[in-house]
Amino acid sequence: MWYLYGFALLAGVANAVQAGQNGTLSKGLAESLVAGLVVAAGTASCILAVGLITGRLAWPTAAQALGMPWWAWFGGVLGGGIILAQFVVARQIGAAPFLGLLVTAGVATSIMLDNFGWVGFERHPASLWRILGGVLMIAGVALVALF
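Below: a short report on this structure. (Residues numbered from 1 in each chain as written. Predicted model: local features only at pLDDT ≥ 70, side-chain atom pairs only at ≥ 80, totals over all residues. Heavy atoms only, no water.)

1. Section: the overall build of the protein chain
Moving on, step 1. On a plain count of helices and strands, the protein chain comes out with 6 helices and 0 strands.
Moving on, step 2. Taken over the C-alpha atoms alone, the protein chain extends approximately 50 × 45 × 30 Å along its principal axes.
Moving on, step 3. A sequence separation of at least 24 residues applies to 51% of the contacts in the protein chain between residues at least 6 apart.
Moving on, step 4. Summing over all exposed atoms, the protein chain offers an accessible surface of approximately 10,900 Å²; the carbon and sulfur share of this is 75%. (Helix = DSSP H or I, 4+ residues; strand = E, 2+ residues; numbered from the N terminus. Contact = heavy atoms within 4.5 Å. Areas by Shrake-Rupley, 256 points an atom, 1.4 Å probe, with all protein chains shown as cover.)

Next comes the structure, spelled out in structure tokens:
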């Protein structure tokens, strides 16, 4: 199970680097939305390649597709919003405040999602320690953004 934490850490590093890459791409092209399409094509290509290499790529059956909650199909839209934020916000406020806000907002939201078991997560109560951790992250981001 330890390798999952390592994968998550690498994804966090990639998220920080990607914000700079995407901001530079957006700034260098005439239209930010074209940069978004380039990023989306890169994402799709990566997932396709890994799926083909591992043999874990299969289209859902009609029963699987119809059995999904309606909101489960819109994760890509949220991902697109994150990419647009990278284009517009990250280069303006800097990598540290941008990623700090992104991660801290994600943790605060995750505490709530876990507590109520929303959007498919198992319930994990929002204990005092989890809430304190979220508050400390907010304080940390404030320090990073101010100094």
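That covers the picture; the talk isn't over yet.
2. Let's talk about helix α5 (residues 95–116)
Moving on, step 1. In this model α5 runs 31 Å from its N-terminal to its C-terminal C-alpha over 22 residues, within 8% of the 32 Å that 1.5 Å per residue would give.
Moving on, step 2. Listed in full, the buried residues belonging to α5 are P97, F98, L99, G100, T104, I111, L113, D114 and N115.
Moving on, step 3. Summarising the contacts, the buried residues of α5 are in contact with α1 (2–28), α4 (75–93) and α6 (128–146).
Moving on, step 4. Just beyond α5, the residue with positive phi is G117, at close to 70 degrees. (Expected span 1.5 Å × (residues − 1). Buried < 20%, exposed > 50% of the residue type's maximum accessible area, 1.4 Å probe, protein only.)

3. Some thoughts on the environment of I83
Moving on, step 1. Tracing the backbone shows I83 in helix α4.
Moving on, step 2. For the pair I83 and V103, spaced 20 residues apart in sequence, the C-alpha to C-alpha distance is 14 Å.
Moving on, step 3. Beyond its immediate chain neighbours, meaning those up to four positions away, I83 contacts N22 and V39.

4. Thoughts on the environment of D114
Moving on, step 1. Its place among the elements puts D114 in helix α5.
Moving on, step 2. For D114, a relative accessible area of 14% corresponds to the buried category.
Moving on, step 3. Spatially, the C-alpha atom of D114 lies 5.0 Å from that of H124, the residues being 10 residues apart in sequence.
Moving on, step 4. For D114, the residues in contact, after removing those within four places along its chain, are F121, E122, R123, H124 and R130.
Moving on, step 5. A polar side-chain atom of D114 sits 3.3 Å from a polar atom in the side chain of R130. (Polar contact = N/O pair within 3.5 Å; in protein donor to acceptor, adjacent residues only side chain to side chain.)

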